Amino acid sequence: MKIAVDAMGGDYAPEQIVFGAVRAAKEYGCEIVLVGDEKKIVRVLAKEEGWQSLGISVLHASEVIEMGEHPVTAVRRKKDSSVVVATRLVKEGACDAVLSAGSTGGAVAAAQFILGRIAGADRPTIATPMPTPKGVTLLLDSGANVDSKPKHLVQGAIMGALYAEHVFGIKKPRVGLLNIGEEETKGNEQAQATYPLLKSMTTVNFCGNAEGRDIPKGNFDVVVCDGFVGNVVLKFAEGLAKTLVRLAKDAVKNGGILARLGAFLLLPALKKLGKTIDVSEYGGAPLLGVRGCCLIAHGSSNAKSIASAIRVAKDYVESDVLAHIKENLAREAALDDSGKCPAANGEEPAAEAVRS
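Here the structure is a predicted model, which means the values were calculated and not measured.

Draft legend 1. Just the confidence of the model for the protein chain, in detail. With 87% of its residues at a pLDDT of 70 or more, the protein chain has an overall mean of 85. Here residues 338–356 is a poorly scored stretch, pLDDT under 50, and it has 32 contacts once near neighbours within four places are set aside; other chains count.

In structure tokens, the structure reads:
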């Protein structure tokens, strides 16, 4: 197992990226190639005693795709950028997976141009695990495509269900379509056209519409939507979690001695709860639909998050998710060619027909 890591991507690069890679190499036994400015990377590695024996190597890349750059233009122009070079290692078979906490658009563009899309996956989708009291809900798309057609959501449902099954070990994952109500006739034209496509499928355990509140409750294992809505949901959840933690700390701080004593007694339970809802425990979100394992981490990832993301990449490769996705998308295409399933060909029922 060898994983290419974009050491220059992220708000705290290269320090936290490098520290996270070292941590992952120790805990998970992965070989790691740190791609980026060699001098800066080695300078950080020097702070980690014995890193030379951990299977960590450095590959120099002279350029970085900045957050403000247009992703497609930057990938085409900056051939020696860290994320492009790291992705190329997967294409060439030198590494099994690539991880980046830099520009999401840059990572997605690099994966599409260099790795290419799987047959039957018209657009890749980012599958973000969201912690719930029941485990994890996989939200996709969470930012790869701001506009999606019904067929893209169907393809995302197939890929998300396979990922949940083979990585999280969930048999027959419950798939929901994010909507503003449970009724089949609810939602905009996109949702109304997607519902019957998902309902007609036998390869996906479609359980109906999922409302926003169903995600944190864990009522579905996989929830599909377009990237615009998914990204709003994801960032709202992140902001809400941080706000609630801050409010709780302020309440304890200003609540007097009894509040502090109560918080002390609850500390073990709170630590366990914090670990359950900590997004850094999951680290990275896979980009599904491309011919290779590509993990996208949050821009503000610390060393713990990067180490967790490397573990996710390892699980992805070991579970052979890519092969399962290829096989199932090919099967859906074959069913469509035989006229049995409308999901893969993009023939969307008219909104008027769905309403009636």
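Draft legend 2. Examining the packing of helix H1 (residues 15–28) against helix H11 (residues 303–318) more closely. One way to put it is that H1 packs onto H11 with a least axis distance of 7 Å and a crossing angle of 50 degrees. If you check the angle between H1 and H11, you find them oblique. Judged by the twist between their axes, the crossing of H1 over H11 is right-handed. Only Ala-303, Lys-304, Ile-306, Ala-307, Ile-310, Arg-311 and Lys-314 of H11 make contact with H1, whose side of the interface consists of Gln-16, Ile-17, Phe-19, Gly-20, Ala-21, Arg-23, Ala-24 and Tyr-28.

Draft legend 3. Structural view of the sheet that holds strand S2 (residues 31–36). Pairing in this open sheet of seven strands is mixed, and the strands run S3-S2-S1-S4-S12-S11-S5 from one edge to the other. Only two strands of the sheet have a single partner each, and these edge strands are strand S3 (56–60) and strand S5 (125–126). Pairing analysis gives three bridges linking strand S11 (residues 284–288) to strand S12 (residues 293–297), with the strands arranged antiparallel. Within S12, the residue paired with Ala-285 across the bridge is Ile-296. Packed onto the sheet, helix H6 (residues 150–167) meets S5 and S11 and runs at close to 130 degrees relative to S11. Across the face of the sheet, H11 comes into contact with strand S1 (2–6), S2, strand S4 (97–100), S11 and S12 while running at roughly 160 degrees to S12.

Draft legend 4. Region of interest: a positive patch on the surface. A surface patch of positive charge is lined by Lys-39, Lys-40, Arg-43 and Lys-47. By the element assignment, Lys-40 lies in helix H2 (residues 38–45). Classification of Lys-40 as partly exposed rests on a relative accessible area of 40%.

Criteria and cut-off values
Residues numbered from 1 in each chain as written. Predicted model: local features only at pLDDT ≥ 70, side-chain atom pairs only at ≥ 80, totals over all residues. Heavy atoms only, no water. pLDDT = per-residue confidence, 0-100. Contact = heavy atoms within 4.5 Å. Axes fitted to C-alpha atoms, helices over the stretch in contact; angles between N-to-C directions. Helix = DSSP H or I, 4+ residues; strand = E, 2+ residues; numbered from the N terminus. Parallel < 35°, antiparallel > 145°, perpendicular 65-115°, else oblique. Left-handed = near helix turned anticlockwise from the far one by under 90°. Pairing = 2+ DSSP bridges. Patch = residues over 30% accessible without salt bridge, like charges linked within 9 Å, V, L, I, M, F, W, Y side chains within 5 Å. Areas by Shrake-Rupley, 256 points an atom, 1.4 Å probe, with all protein chains shown as cover. Salt bridge = Lys/Arg side-chain N within 4 Å of Asp/Glu carboxyl O. Lys, Arg positive; Asp, Glu negative; His and termini not counted. Charge placed at Lys NZ, Arg CZ, Asp CG, Glu CD. Buried < 20%, exposed > 50% of the residue type's maximum accessible area, 1.4 Å probe, protein only.

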